Amino acid sequence: MDAESIKRRDPYIFIKADDVFKNLDDPASGTKQPLKISCSDDDQLLGQAQNPVCKHGRIFRFDDNSLLHIQFIRPKIWRIRFNSQNSTPADFRDYNTRTLIQDTMTTLIETLDVFEQINWRVELIKDPAHQFYKLQSVLDPDDPINRRVCVELFIQRNPFKITAVRSVEVLPSPNPIPEFQINETSNGHANGNGVTRTKNTYKVVVWQTKEQALQYNNYAAVLSMEKASTAKYMGFGEQGGTHLFKDKTYMNYFNFDNMKYENIYNEGPRCDAEPLYHSEPYWIEVDGLPGYQSQVATFIDNYSHVCVDIGKKDASTLRVGTRFNTFQCIMAAGNNFKDVIYLYTSIAGGPKLKPRHILGYHQGCYGYDTQQKVVDVVDRYRQVDFPLDGMHIDVDMQDNYRTFTIDTREGKFPNPTQMFSSLRAKGVKCSTNITPYINSEPNNHYSTYNEGVQNNYFIKDRRDKDPTAPTAEQQRYLIYGNGNARLRNPNVDRPPYSHPDNYNFAEVFDSGKDFHGGVFYGWGNGNPGVYPNLNNKEVRKWWGAQYKYLFDCGLEFVWQDMTSPCMAEEYGDMKSFPFRLLLDSDGWSGDPKGQEQKKAIEIWALYSYNLHKATYHGLNYLDTRKGKRNFIIGRGSFAGSHRFAGLWTGDNSSTWDFLDISVAQVLALGLSGVTIAGADVGGFEPAPNENAFADPELVIRWYCAYSLLPWFRNHYSQKAGKQFQEPYKYEEYYQNNKDRMSEGERRIYGSVLPVCRYYIKLRYTLLQVMYDAMFENLINGLPIARTMVITDELDRSLFDDNKAYARSQYLVRNDILVAPALLKESVRNKRKVYLPYPNRWFTMNLRAENSKGVPLLPKISGGTYIDFDCHISNDDGHIPYITPMFIREGAIIPQINARDSVPDRTTNPNTPENPVTINIYPGKDNTYSMYLDDGVSRNSAPTSVYLSALPNSEADTPDGKYLSTRFGDPEAQSQFCNVVIKQKSWVTRNEDDSGIFTRRITITSPWDEYKEKVYQDIGDVYTVVIWHEVGTQLNSISVTPDTFHNTNDLKMRATIVTVPVRAAHTLKGVSFDVTHA
């Protein structure tokens, strides 16, 4: 058999999910599908004692003698484990993967029990009729009064099936119940006795498998689950596709360098099935039980290739499979999104508090290849009055593509320390591209390479060879491109470097020498190199220390690129490691199998996970970073990496399809704890047939769409042919060419700078809202940007008729709705907007230019569709309407003045104050928590001392008080100020139907460990703007008590009250009433 045929039939190769399922379904494939299951006491023992994995679960035996482990991790989280290679119950070990936050499951459970302050156990009940076993999680199991069963898992014996049951409540009615108004003079019985309210709880099936749910062969395992006809599935990490809810599709999780999202299926970003840079096999089932508060999250904890079939073969079935190693499916059953996100991050960890400046505007380019270019870009942004916080310098800064170096030659980056310092003085913080590759060209001055060689820190070329292809000459590497699989011959194929790589593959193959790879950045750029063994703890620590030189020079954060690791396609499979290359498996200390090596394809995503981990911990140990929050923006990894880094969604291109999916990608990633995520705004690669720069209309729409999303970086490739993508460059092009443009072209080109600048400035005025959401994420787990199904779950149309709006509209925190136009004007000249029910909405009236806004337009009922005129124009009066934005009734929105950058008083103590304006909107009662700190220090992060002081209504449940500090930042000291703003409204009616409308505003500070520093940041007063609806009798407005200076601005239709910060920042705080007829 020839070498190519041997490679293609090797089981250790990438296979598309469609083919994986097809092969398993083939009767001739030898797939096993056990029928019956049993449970014996002997299988729960490890020697003479109980196996630790059986304390909260049991090991079951199938009729073909294979074994299944079912275990509760928390009362509402359970996992299912299967490995065809497990021959005895002892093969199920207590050790976790690196994704989970403790080394053993026993330790994880015990630690969380302390944090959550709960007492629970798991009970096994055997059905006397021998039809079922039942595993159930029980809270307070020995307390006859408080004992409560949380989840029951019925394991049907024949045919095998699992059914999960729990008690759930019905969703509350979206329509408010009429009640008598209770004001200061009413007694507590104003409403009479009324209908007695009881919790409507029902015992229901929340999840179940199919009968004979397990299929497996020597390598892969698949579990088939019931898919309810009403169920919707959302999440799935950064996967592309045209829908937020995925259905009738396959999914592949196999992270690799998939530029333009088209390598496997050749369908581009609109394809759900395409495996991308990041693997996050996590999703949430919603609306499986319409009318009930029930959601179930699924996480597949496996570093190899994860395949999903969402009703593609059978509309009533969801199948999930893992290609190699243990199949581990973790399920979390909750009431709502907050609940399931809590549950998931309790075991996978939560993100750390990020620096405030990462919410600002960032610029990057592959092609800023000199110090002068970098400085010029920053200066031009400042000249055109365009805020900028981050500058991302690509590998252009390196000395001959040597990671951790700077090319200090004249004409390149001759004085990096001075450059970083001068940019920092202008408010701009810098990152640079760090790739997990080390240039192996001999060089006496390259300490990273020389130390790595001396200490054996690089991955060795050892292979688990295919017995039918044991020689170097028989090796081939699999590459996909444009939907076609092809093979490379490493014996003769070499990257098209400017300086050829003439190494002898046969001399390195399976020799134990350092594995020989290399990066290729296109256009002849790149070099051969070696790879640090980041699956080794000692090497990870060494890797982290390599950042010292860059940060001593003044670097502020890290851009982690080529993470899988990506390499030239001539050096490995799928532009990464050869599938059969042996890698350390990075087991926990004490794990008897922890030092085993596995084939790269078996632990494919682990390397990139450990890369982010090594960098994050390394930065925390640098002397120059003591006490500071560190940030990494990474290109791809595996679930759980959100503990260490934010995520940008890889190398996209300047097409409308990429814009169209990019909002939904961010919303989906937020569901799994990825707080900071986003695409390269404007597109990295050129679009097909693009002439020198991205379509200016596309750039405008992308800026508008991302105006309030968490991560905003304009990033493009000059090396790929683009001349520019900075908004000011479009203005220069317009001024130089407008005489040759059509009227339509002049309108678009002339709008790029003013429109983009306006929406970036608007972003900066609302940074406090975004920061509050990021801070609050540590407490409640909710993302910064939220799909409407999170914020408006009572509007069930979002799961059906209006589900298309749930992917393209989003809310910042809870009350600012953004509905960007994602299509060209030639396709659709208006944006159809859906405003969720039942609340009412106001058209956005806040403005970017440091004004207090404009009067409110008439309110709009929820459930309404609006054809919004958002055409592009540089007319100052129309620019605020180019992106449809709305504010929920009753909203409380802090706003600050737009600055050139986010200040850092720890490095510039003379930064002027930026007062906060608190905008309060008419309508429903509301509470808003604002978090004030220095924006950069790790000691600002909340601790359990703060969280345990929260009332249950804010912590959600007793669990919530403790979950958010689960293994958080050890330097957290709660050094922040929490300001709580409340609005309560009522009307006092007279018998003639006239009435007095009252809005009580209260501002308090239940927690203040930021103390005097806060006055340097925001000054001495809050300006509180109480907006009034159309029709309000403005001449009847009064403010009581009249302690605080107040005015009624009739033109703005607002009451403006000035409140001393010192008075508000107390436990009692300040309170005043605004009344009108």
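Presented here is a report on the structure given in the accompanying data block. (Residues numbered from 1 in each chain as written. Predicted model: local features only at pLDDT ≥ 70, side-chain atom pairs only at ≥ 80, totals over all residues. Heavy atoms only, no water.)

Re the overall build of the protein chain
Selection rule: A run of H or I in DSSP counts as a helix once it spans at least four residues, and a run of E counts as a strand once it spans at least two, with each numbered from the N terminus. Buried, partly exposed and exposed residues are distinguished by accessible area as a fraction of the type maximum, computed with a 1.4 Å probe on protein chains only: under 20%, between the cut-offs, and over 50%, respectively. Contact definition: two residues touch when any of their heavy atoms are within 4.5 Å. Every accessible area reported is derived by Shrake-Rupley at a probe size of 1.4 Å, with residue values counting cover from the shown protein chains alone. Charged residues are defined narrowly, with Lys and Arg counted positive, Asp and Glu counted negative, and His plus the chain ends left uncounted. Every charge is mapped to an atom, namely NZ of Lys, CZ of Arg, CG of Asp or CD of Glu.
Summing up its helical and strand segments, the protein chain has 24 helices and 52 strands in all. For the protein chain, the spread of C-alpha atoms along the principal axes amounts to about 95 × 85 × 55 Å. Burial analysis of the protein chain (1077 residues in total) assigns 64% to the buried set. A separation threshold of at least 6 residues defines the contact pool for the protein chain, and within that pool the share at least 24 residues apart is 74%. If you sum the accessible surface of the protein chain, you get close to 38,600 Å²; carbon and sulfur atoms cover 47% of it. Separation between the mean location of the 120 positive side-chain charges and that of the 129 negative ones in the protein chain comes to 1 Å.

Details of the sheet that holds strand β23 (residues 438–439)
Within a beta sheet, neighbouring strands are joined by backbone hydrogen bonds and run either parallel or antiparallel to one another. Here is the rule we go by: Here, any two strands with at least 2 DSSP bridges between them count as paired.
The sheet built from three strands is open, its strands ordered β23-β27-β26 with antiparallel pairing. Two strands bound the open sheet, and with one partner strand each, they are β23 and β26 (517–522). The pairing of β26 with strand β27 (residues 525–530) spans five bridges and is classified as antiparallel. Looking across to β27, one finds that G518 is bridged to P528.

Brief notes about the packing of aromatic side chains
The test is simple: Stacked, edge-to-face and tilted labels apply to pairs of Phe, Tyr and Trp rings (six-membered ring for Trp) whose centres lie within 6.5 Å, assigned for plane angles under 30 degrees, over 60, and everything in between, in that order.
The final tally for this structure, using the stated rule, is 78 aromatic pairs. Ring plane angle 90 degrees and centroid distance 5.1 Å describe the contact between Y381 and Y728, whose orientation is recorded as edge-to-face. Placement of the pair is Y381 in helix α5 (residues 371–383) and Y728 in helix α14 (residues 727–737), with a sequence separation of 347 residues. On the numbers, 5.3 Å between centres and 75 degrees between planes, the contact of Y946 with W1007 is edge-to-face.

Describing helix α12 (residues 656–670)
The cut-off we apply is this: Helix span is expected to be 1.5 Å times the residue number reduced by one. Bend, in this description, refers to the angle at a residue between axes fitted to the seven residues ending there and the seven starting there.
Compared with an ideal rise of 1.5 Å per residue, which puts 15 residues at 21 Å, α12 spans 23 Å between its outermost C-alpha atoms and is within 8% of the ideal. Of all bends in α12, the biggest is about 30 degrees, found at S662. The element α12 is extensively covered by neighbouring structure, given that 14 of its 15 residues are classed as buried.

Let's talk about helix α13 (residues 696–705)
Side chains three or four residues apart in an α-helix point the same way, a direct result of the helix having 3.6 residues per turn. Keep this limit in mind: Here a polar contact means two N or O atoms within 3.5 Å. Within protein one must be a hydrogen donor candidate and the other an acceptor candidate, and residues neighboring in sequence count only if both atoms are side-chain atoms.
Of all 10 residues that make up α13, 10 are buried, and the element is covered over most of its length. Inspection of α13 places P696, E697, L698, V699, I700, R701, W702, Y703, C704 and A705 among the buried residues, and these make up the whole buried set. For α13, the N-terminal cap is D695; the gap from its side-chain oxygen to the backbone nitrogen of E697 is 2.9 Å.

Some thoughts on the nonpolar core
Let me state the cut-off plainly: Nonpolar cores were defined as sets of buried Ala, Val, Leu, Ile, Met, Phe, Trp, Tyr and Cys residues, with membership established by side-chain atoms within 4.5 Å.
In this structure, W207 and Y1022 are the most contacted members of the largest nonpolar core, which totals 328 residues. Counting residues in hydrophobic clusters, the runner-up holds five residues, among them V53, I59, L67 and F92.

Some details on the sheet that holds strand β36 (residues 785–786)
Overall, antiparallel pairing links the five strands, which are arranged β36-β37-β38-β42-β40 in an open sheet. The sheet is open, and its two edges are formed by β36 and β40 (841–843), each paired on a single side.

What about the environment of R79?
Inspection of the secondary structure puts R79 in strand β6 (residues 77–82). Since its relative accessible area comes to 1%, R79 is described here as buried. Taking C-alpha positions, R79 is 58 Å from Y733, a pair spaced 654 residues apart along the chain. Among all residues touching R79, those that are not within four sequence positions of it are H69, I70, Q71, I73, N96, M105, Q328, C329 and I330. Within polar-contact distance, the side chain of R79 engages the side chain of Q328 at 2.4 Å.

Some points on the packing of helix α9 (residues 537–545) against helix α11 (residues 606–621)
To be explicit about the condition: Orientation is described by axes fitted as lines to C-alpha atoms, over the contacting stretch for helices, and by angles from 0 to 180 degrees between their N-to-C directions. Angle categories: roughly parallel below 35 degrees, roughly antiparallel above 145, roughly perpendicular from 65 to 115, and oblique for all the rest. Left-handed describes a crossing in which the near helix is turned anticlockwise from the far one by less than a right angle; the clockwise case is right-handed. Charged residues are taken to be Asp, Glu, Lys and Arg, nonpolar residues to be Ala, Val, Leu, Ile, Met, Phe, Trp, Tyr, Cys and Pro, and polar residues to be all remaining types, Gly included.
The geometry of α9 relative to α11 is characterised by a closest axis approach of 8 Å and an angle of 55 degrees between their N-to-C directions. With respect to α11, the axis of α9 lies oblique. As for the relative orientation of α9 and α11, their crossing is right-handed in sense. For the pair α9 and α11, contact is made by R540, W543 and G544 and by N610, L611, K613, A614, T615 and G618, respectively. Its residues placed into classes, the contact of α9 with α11 shows three nonpolar, four polar and two charged.

Notes on unusual backbone geometry
Of the consecutive residues S564 and P565, the connecting peptide bond is found in the cis state with omega at -5 degrees. By the element assignment, P565 lies in the loop between β28 (557–560) and β29 (582–584). Within the chain, D510 stands out as a residue other than glycine whose phi angle is a positive 55 degrees. Considering the arrangement of structural elements, one finds D510 in the loop between α8 (505–508) and β26. Looking at D510, the relative accessible area reads 17%, which means it is buried. For K1011, which is not a glycine, the phi torsion comes out positive at approximately 50 degrees.

Considerations on the pattern of salt bridges
Basically, it comes down to this: Any Lys or Arg side-chain nitrogen found within 4 Å of a carboxyl oxygen on Asp or Glu counts as a salt bridge.
Inspection of every chain in the model, using the stated rule, returns 72 salt bridges. A salt bridge links K429 to D389; the nearest nitrogen and oxygen atoms lie 2.3 Å apart. With a gap of 40 residues between them, K429 in strand β22 (residues 429–434) and D389 in the loop between α5 and β21 (390–393) connect regions that are remote in the sequence. When sorted by exposure, K429 lands in the same class as D389, which is buried.

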